[in-house]
Amino acid sequence: MTGLVALVLAQQAPVMVLHDLVSAARYADTLVAVRDGVVVAGGPPRDVVDPALVRRLYEVAGGSATRRAPVKSAGGAG
């Protein structure tokens, strides 16, 4: 991700396409959620990622995918 940070600091706009909503929400400043070619949500991840979005994107009940995964330390203990 350091390469992306360098692009941002150079005032360039990197674009990533991810199918992993957790990673997208974790690293993106702005998230655009697309389903079947249609934008269904957009904005800062904290404003758009919620259980309703997960259900709409993935047609699943619940919303556990919106929870952040624990970050493991360099020593391997989380």
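Criteria and thresholds
Residues numbered from 1 in each chain as written. Predicted model: local features only at pLDDT ≥ 70, side-chain atom pairs only at ≥ 80, totals over all residues. Heavy atoms only, no water. Core = buried A, V, L, I, M, F, W, Y, C linked by side-chain atoms within 4.5 Å. Buried < 20%, exposed > 50% of the residue type's maximum accessible area, 1.4 Å probe, protein only. Helix = DSSP H or I, 4+ residues; strand = E, 2+ residues; numbered from the N terminus. Arc of directions from axis to C-beta. Contact = heavy atoms within 4.5 Å. Salt bridge = Lys/Arg side-chain N within 4 Å of Asp/Glu carboxyl O.

A short note on the nonpolar core
Side chains of nonpolar character tend, in soluble globular proteins, to be buried together. Core analysis: the biggest nonpolar cluster contains 12 residues, these being L21, A24, A25, L31, A33, V40, A41, V48, V49, L53, V54 and L57. Contributing elements (two or more residues each) for this core: α2 (21–27), β1 (31–35), β2 (38–43) and α4 (51–58).

Topic: α4
All buried positions along α4 are accounted for by L53, V54 and L57. For α4, the angular spread of the buried residues around the axis is 100°, confining them to a single face. On the buried face of α4, the contacting elements are α2, β1, β2 and α3 (45–48).

Observations concerning unusual backbone geometry
Even without being glycine, D36 reaches a positive phi, approximately 55°. Position of D36 relative to the elements: it lies in the loop between β1 and β2. The backbone of E59 shows a phi angle near 50°, a positive value even though the residue is not glycine.

Description of the pattern of salt bridges
Tallied over the entire structure, the rule returns two salt bridges. Taking the shortest distance from any N to any O, the salt bridge between R35 and D36 comes out at 3.8 Å. Given a relative accessible area of 25%, R35 falls into the partly exposed group. According to the relative accessible area criterion, D36 is exposed, its value standing at 69%. The closest approach of N and O atoms between E59 and R35, which form a salt bridge, is 2.5 Å. With E59 in the segment after α4 and R35 in strand β1, the pair connects residues that are 24 residues apart, well separated along the chain.

Read these as layout, nothing more, since geometry by itself doesn't imply function.
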